[in-house]
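If you want the building blocks of each chain, they are given just below.
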Amino acid sequence: AQKVTQAQTEISVVEKEDVTLDCVYETRDTTYYLFWYKQPPSGELVFLIRRNSFDEQNEISGRYSWNFQKSTSSFNFTITASQVVDSAVYFCALSEMYYGNNRLAFGKGNQVVVIP
Amino acid sequence: NAGVTQTPKFQVLKTGQSMTLQCAQDMNHEYMSWYRQDPGMGLRLIHYSVGAGITDQGEVPNGYNVSRSTTEDFPLRLLSAAPSQTSVYFCASSYVGRDNYGYTFGSGTRLTVV
């Protein structure tokens, strides 16, 4: 069963618009970590944020913000005032400490295209 | 501090050939893993290890073999390459169960099997 679902495949926005990426996860573990990674056209995986299951505090970091809600098993990510350099594939990922034995499971990714 | 080093960066194989993708980390991470990335599929786990001498299968292990004789190295072996194994391969490592928990990825190996 898929543990991380990113429903939108490709999202196109005009520069300076906001874009929100949805992530829904599934787990039996009470201790788990959620991640967002960015993969620019150059191909490397860039770590953006980590949240553990006991920390539902949402955060804003520059133009990025995250909304973690355990009640709906969602960990959404927003880019405010998008720029062309934000064009990339964004992955949501889940690591379960007990049932998952620390394995990192990825969603299929969201291709974000920022149009100048 | 090199982090996670993958070699080679690019490789072309003929069907039936075998090869080993190398992965080394210098952060003393207990956990190491291999992923393959295919268009529209995200990253899928091939094999992983929670420490030297311990390995286990991930989501797509068929056609691949691993061993973990040291903490630093986690090579991935393709036993008999097939065109279906054309992909980009990523190695990752992490601490386990600590507050600074997080995964470090290598830069990837682009493999083409013809």
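Conventions we followed
- Residues numbered from 1 in each chain as written.
- Chains lettered and ligands numbered in written order.
- Predicted model: local features only at pLDDT ≥ 70, side-chain atom pairs only at ≥ 80, totals over all residues.
- Heavy atoms only, no water.
- Helix = DSSP H or I, 4+ residues; strand = E, 2+ residues; numbered from the N terminus.
- Rg over C-alpha atoms; globule rule 2.2 N^0.38 Å.
- Contact = heavy atoms within 4.5 Å.
- Areas by Shrake-Rupley, 256 points an atom, 1.4 Å probe, with all protein chains shown as cover.
- Lys, Arg positive; Asp, Glu negative; His and termini not counted.
- Charge placed at Lys NZ, Arg CZ, Asp CG, Glu CD.
- Buried < 20%, exposed > 50% of the residue type's maximum accessible area, 1.4 Å probe, protein only.
- Pairing = 2+ DSSP bridges.
- Buried area = accessible area lost by both parts, 1.4 Å probe.
- Salt bridge = Lys/Arg side-chain N within 4 Å of Asp/Glu carboxyl O.
- Polar contact = N/O pair within 3.5 Å; in protein donor to acceptor, adjacent residues only side chain to side chain.
- Nonpolar A, V, L, I, M, F, W, Y, C, P; charged D, E, K, R; others polar.
- Disulfide = S-S within 2.5 Å.

Engineer: Tell me about the overall build of chain B, and name the residues and values.
Structural biologist: Across its full length, chain B carries 0 helices and 11 strands. Along its sequence from the N terminus, chain B presents helices and strands in the succession β-β-β-β-β-β-β-β-β-β-β. Against the globule reference of 13 Å for 114 residues, chain B gives a C-alpha radius of gyration of 13 Å, in line with a compact fold. Dimensions of chain B, computed from C-alpha atoms along their principal axes, come out at roughly 45 × 30 × 25 Å. Here the analysis covers contacts within chain B between residues at least 6 apart in sequence; of these, 53% occur between residues at least 24 apart. Approximately 5,100 Å² of chain B is accessible, and the part contributed by carbon and sulfur atoms is 49%. Between the mean site of the 8 positive side-chain charges and the mean site of the 8 negative ones, chain B shows a separation of 11 Å.

Engineer: Lay out the pairing of strand β5 (residues 42-51) of chain B with the relevant residues and their values.
Structural biologist: Residue and element names in this part refer to chain B. Counted residue by residue, β5 has 9 buried out of 10 residues, so it is predominantly covered. Sheet topology note: the strand β4 (residues 31-38)/β5 ladder contains 7 bridges and is antiparallel. Residue pairing for β5: Y35 is matched across the bridge by L45. Joining the antiparallel neighbours β4 and β5 is a turn of 3 residues, in which G40 adopts a positive phi near 75 degrees. Where β5 meets strand β6 (residues 54-57), 3 bridges bridge the pair, whose relative direction is antiparallel. Of the residues in β6, the one forming a bridge with Y48 is D56. Between β5 and β6, which pair antiparallel and follow one another directly, the connecting turn spans 2 residues, one of which, G53, has a positive phi of 85 degrees.

Engineer: Describe the interface of chain B and chain A, and please don't skip the residues or the numbers.
Structural biologist: Buried accessible area, meaning the area lost when the parts come together, often serves as the stated size of an interface. Across the boundary between the two partners, chain B contributes 20 residues, which contact 17 residues of chain A. Carbon and sulfur atoms supply 59% of the area buried between chain B and chain A, which totals about 1,600 Å² over both sides. Linking chain B with chain A are 0 salt bridges, by the criterion used here. At the junction of chain B with chain A, the criterion picks out 4 residue pairs in polar contact (both at pLDDT 80 or more). Elements with a minimum of two residues in the side of chain B that touches chain A: β4, β5 and β10 (103-105) of chain B. With 5 residues, the single largest contributor to the side of chain B that touches chain A is β5(B). Partitioning the side of chain B that touches chain A into residue classes produces 12 nonpolar, 6 polar and 2 charged.

Engineer: Just give me the short version of the environment of B:G16, but keep the residues and values in it.
Structural biologist: Residue and element names in this part refer to chain B. Residue placement: G16 occurs in the loop between β2 (10-13) and β3 (19-25). Using a relative accessible area of 41% as the deciding quantity, one classes G16 as partly exposed. G16 sits 62 residues away from L78 along the chain, and the two C-alpha atoms are 9.4 Å apart. What G16 contacts, discounting residues up to four positions off in sequence, is S80 and A81.

Engineer: Run through the state of the cysteines, naming residues and quoting values.
Structural biologist: Residues and elements named next belong to chain A. Inspection of every chain in the model, using the stated rule, returns 2 disulfides over all chains. The disulfide partner of C23 is C92, and the gap between their sulfur atoms is 2.0 Å. The chirality of the disulfide connecting C23 with C92 is left-handed, given an S-S dihedral of about -70 degrees. Residue C23 is located in the loop between β3 (19-21) and β4 (24-25), and its partner C92 is located in strand β10 (residues 88-96); the two are separated by 69 residues in the primary sequence. Looking at C23, the relative accessible area reads 0%, which means it is buried. Accessibility expressed as a relative area gives 0% for C92, which makes it buried.

Purely geometric stuff here, so don't read any function into it on its own.
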